[in-house]
Amino acid sequence: MKVLVMNAGSSSLKYQLYDMRDETVLASGRVERIGMDSSIVTHEVPGHPEVRDVSEILDHVTAVKRVADMIVHPSHGVLKDIKEIDAVGHRVVHGGEVFKESVLVTQEVKLEIRKLFDLAPLHNPAHMMGITAVEANLPDVPQAVVFDTAFHQTMPQTAYLYPIPTVLYRRHKIRRYGFHGTSHHYVSDQAAEVLGKPLASIKMISCHIGNGASITAIQGGKSVDTSMGLTPLEGLMMGTRSGDLDPAIVPFTMNKEELTLSEVNSMLNKHSGLLAISGISSDMREIVQAMDEGDRNAQLAFDMYTYRMRKYIGAYAAAMNGVDAIVFTAGVGENSERLRAAVCKGLTFLGVELDTFLNSEHSKSARIISTADSKVQVLVVPTNEELLIARDTYKLVKEQSNK
Ligand SMILES: Nc1ncnc2c1ncn2[C@@H]1O[C@H](COP(=O)(O)OP(=O)(O)O)[C@@H](O)[C@H]1O
Ligand SMILES: CC(=O)OP(=O)(O)O
Ligand SMILES: [Mg+2]
């Protein structure tokens with residue numbers, strides 16, 4: 001079975017095509033700057049150089065069509081006919097309380113995802129555009145949706161309720177949901193394998209540090225608390241998002257700066273975090289470079305970012321009354337030895353001892369980076385949300401066809 005995995009953002013579309021017989025990636029790529037003047041399409045077949053193309057792509061339907069064209073292209077395609085694609089799996093960030101696991105797309109499912117637009121305005125509308133674009137380009141191909149929130153549905157009420165009037169939860173389902181669940185789930189499985197211990201016996205803290213960033217406490221393989229909340233704004237300081245702050249800042253800023261609610265919302269989501277403090281970039285690579293060149297604001301941004309991570313790790317060690325393993329994943333977590341070193345430096349009280357050599361090694365595989373004596377094992381595990389999405393999609397479509 002061939003499964004196409006899609007992660008549609010508001011102006012981008014990432015894809016991976018899997019052959020599920022051996023879970024190999026046949027092709028992958030992305031469309032960026034959808035709806036802007038020059039859109040960029042990149043397409044890669046393992047073992048071959050990347051193909052890049054700049055053209056005008058006005059909407060997601062055209063973007064999906066371009067992806068399909070790439071996949072069947074005479075020179076860099078991997079399929080003869082687009083009909084060879086058996087199923088499409090989508091990442092959907094917000095599944096609310098309705099979706100505790102992955103499901104096949106139906107009219108009702110689409111309606112439910114639409115109801116959640118308010119709660120993930122940067123993400124869910126884009127995913128829906130991806131789903132309808134596939135319907136337009138690949139009619140009759142079954143589609144599945146895999147939710148970032150699903151893994152966190154095991155959180156106890158103590159962790160997911162906000163201490164505000166409960167009528168807001170009953171009426172509007174205002175509660176903490178958590179995100180990046182597919183990634184936290186994947187890396188926790190992988191980490192247990194590397195450690196050679198059953199997941200059921202491990203207290204783990206998983207740090208997904210990418211553009212968006214979240215930390216999850218995983219006990220016995222289940223998410224028991226996570227740093228993101230109702231929306232992906234709560235928790236850690238991120239590239240452009242503020243993370244935790246005093247909610248009173250919202251009305252106070254609106255008042256003092258004469259801003260509207262949507263302007264403040266945009267400030268907190270798009271103009272805060274690393275970008276705001278450094279005044280340079282939301283990209284950790286550029287922050288580290290500027291820091292090394294002596295830029296004090298970049299240094300401050302880095303210090304705040306890692307300080308806030310350390311506080312969450314401490315909190316989750318307390319939440320689980322201990323921690324056996326800390327896992328770093330996603331763009332920053334996997335690639336920045338500087339970040340890992342800075343975070344772990346302040347965790348010696350927990351018995352964390354990083355091995356400087358292992359931490360500095362560049363490798364694409366899951367590995368331990370703590371010393372043999374460290375009481376808490378520290379790991380780097382490359383995440384693979386796409387593979388879990390492909391697996392769930394494959395399973396759901398197979399079950400459906402066996403009915
Ligand atoms: N070598 C590196 N050092 C530090 N940060 C890196 C490195 N490589 C990538 N990153 C960071 O990873 C981020 C992207 O992470 P990723 O998990 O791919 O995010 P997303 O999936 O949300 O787009 C970039 O913003 C960049 O700052
Ligand atoms: C939920 C979330 O923050 O996702 P991303 O990191 O892809 O923005
Ligand atoms: Mg990501």
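Nothing here was measured: the structure is a model prediction, and the numbers come from that model. Numbers given to residues run from 1 along each chain, matching the order in which its sequence is written. In the order they appear in the text, chains get letters beginning with A and ligands get numbers beginning with 1. Local features in this predicted model are restricted to residues whose pLDDT is 70 or higher, and side-chain atom pairs enter the listing and the counts only when it is 80 or higher, whereas totals over whole chains, interfaces and linings include all residues. Each side-chain value is worked out from all heavy atoms of the structure, with water and hydrogens disregarded.

## Section: the layout of surface pockets
Selection criterion: Only protein atoms enter the calculation, which uses a 1 Å grid: trapped sets of points that fit a 1.4 Å probe without letting it out are cavities, open sets showing protein on both sides within 12 Å along at least five of seven lines are pockets, and any residue with an atom within 4 Å of a point is a lining residue. Grid points are joined across faces, edges and corners, and a volume is the space filled by probe spheres set on the points. The secondary structure listing takes helices from DSSP runs of H or I that are at least 4 residues long and strands from runs of E that are at least 2 residues long, numbered from the N terminus. Gly counts as polar in this scheme, as do all residues outside two lists: the nonpolar Ala, Val, Leu, Ile, Met, Phe, Trp, Tyr, Cys and Pro, and the charged Asp, Glu, Lys and Arg. As annotated, the domain borders come from an automatic or database domain assignment.
Of the volumes computed, that of the second largest pocket is approximately 1000 Å³. Elements supplying a minimum of two residues to the lining of the second largest pocket: α2 (107-115) and α8 (261-270). Broken down by class, the residue content of the lining of the second largest pocket amounts to 15 nonpolar, 7 polar and 7 charged. Counting contributing residues, the lining of the second largest pocket receives three or more from each of domain 1 (2-147) and domain 2 (196-385).

## Some thoughts on the packing of helix α10 (residues 284-292) against helix α11 (residues 296-319)
The condition that has to hold: Think of each axis as a best-fit line through the C-alpha atoms, taken over the contacting stretch in the case of a helix, with angles from 0 to 180 degrees between the N-to-C directions. Roughly parallel means an angle under 35 degrees; roughly antiparallel, over 145; roughly perpendicular, 65 to 115; everything else is oblique. By convention the crossing between two helices is left-handed if the near helix lies anticlockwise of the far one by an angle smaller than a right angle, and right-handed if it lies clockwise. In what follows, residue pairs with any heavy atoms lying within 4.5 Å of each other are defined as contacts.
In the contact formed by α10 and α11, the axes pass within 8 Å of each other and the chain directions differ by 125°. With respect to α11, the axis of α10 lies oblique. Viewed along their axes, α10 and α11 form a crossing whose handedness is left-handed. Residues M284, I287, V288, A290 and M291 of α10 form the contact with α11, whose own contacting residues are A298, Q299, F302 and Y305. Considering only residue class, the contact of α10 with α11 consists of 8 nonpolar, 1 polar and no charged.

## With respect to the site of ligand 2
Applicable threshold: For this description, a residue counts as near a given molecule or strand if any of its non-hydrogen atoms is within 4 Å of it. Contacts described as polar in this section are N or O atom pairs within 3.5 Å, which, within protein, must combine one atom able to donate a hydrogen with one able to accept it, while residues neighboring in sequence count only if both atoms come from side chains. Every accessible area reported is derived by Shrake-Rupley at a probe size of 1.4 Å, with residue values counting cover from the shown protein chains alone.
Lining the immediate environment of ligand 2, one finds R91, V93, H123, D148, F179, H180, G212, M228, P232 and R241. Here an oxygen atom of ligand 2 sits 3.1 Å away from a polar atom, N or O, in the side chain of H123. Taking G212, its main chain carries an N or O atom lying 3.3 Å from an oxygen atom of ligand 2. For ligand 2, whose accessible area on its own is 260 Å², the fraction buried by protein is 84%. Broken down by class, the residue content of the shell around ligand 2 amounts to 4 nonpolar, 3 polar and 3 charged. Looking at the shell around ligand 2, you find at least three residues from each of domain 1 (2-147) and domain 2 (196-385).

## Brief notes about the domain arrangement of the protein chain
What counts is decided by this rule: Once two parts are joined, some of their accessible surface, as seen by a 1.4 Å probe, is lost; buried area is that loss totalled over both. One speaks of a salt bridge when a side-chain nitrogen belonging to Lys or Arg is within 4 Å of a carboxyl oxygen belonging to Asp or Glu.
We note that the domain assignment places domain 1 (2-147) and domain 2 (196-385) within the protein chain. Taking only C-alpha atoms into account, the centre of domain 1 sits 28 Å from that of domain 2. Each partner contributes residues to the interface: domain 1 has 7 residues there, and domain 2 has 8 residues. Interface of domain 1 and domain 2: buried area, both sides summed, is about 540 Å²; carbon and sulfur atoms make up 58% of it. For domain 1, the biggest contributors to the area lost against domain 2 are L119, L122 and H123; these three give 59% of the whole. Inspection of the region where domain 1 meets domain 2 yields 0 salt bridges. At the junction of domain 1 with domain 2, the criterion picks out 1 residue pair in polar contact (both at pLDDT 80 or more). Residues that form the side of domain 1 that touches domain 2 fall into these classes: 4 nonpolar, 2 polar and 1 charged.

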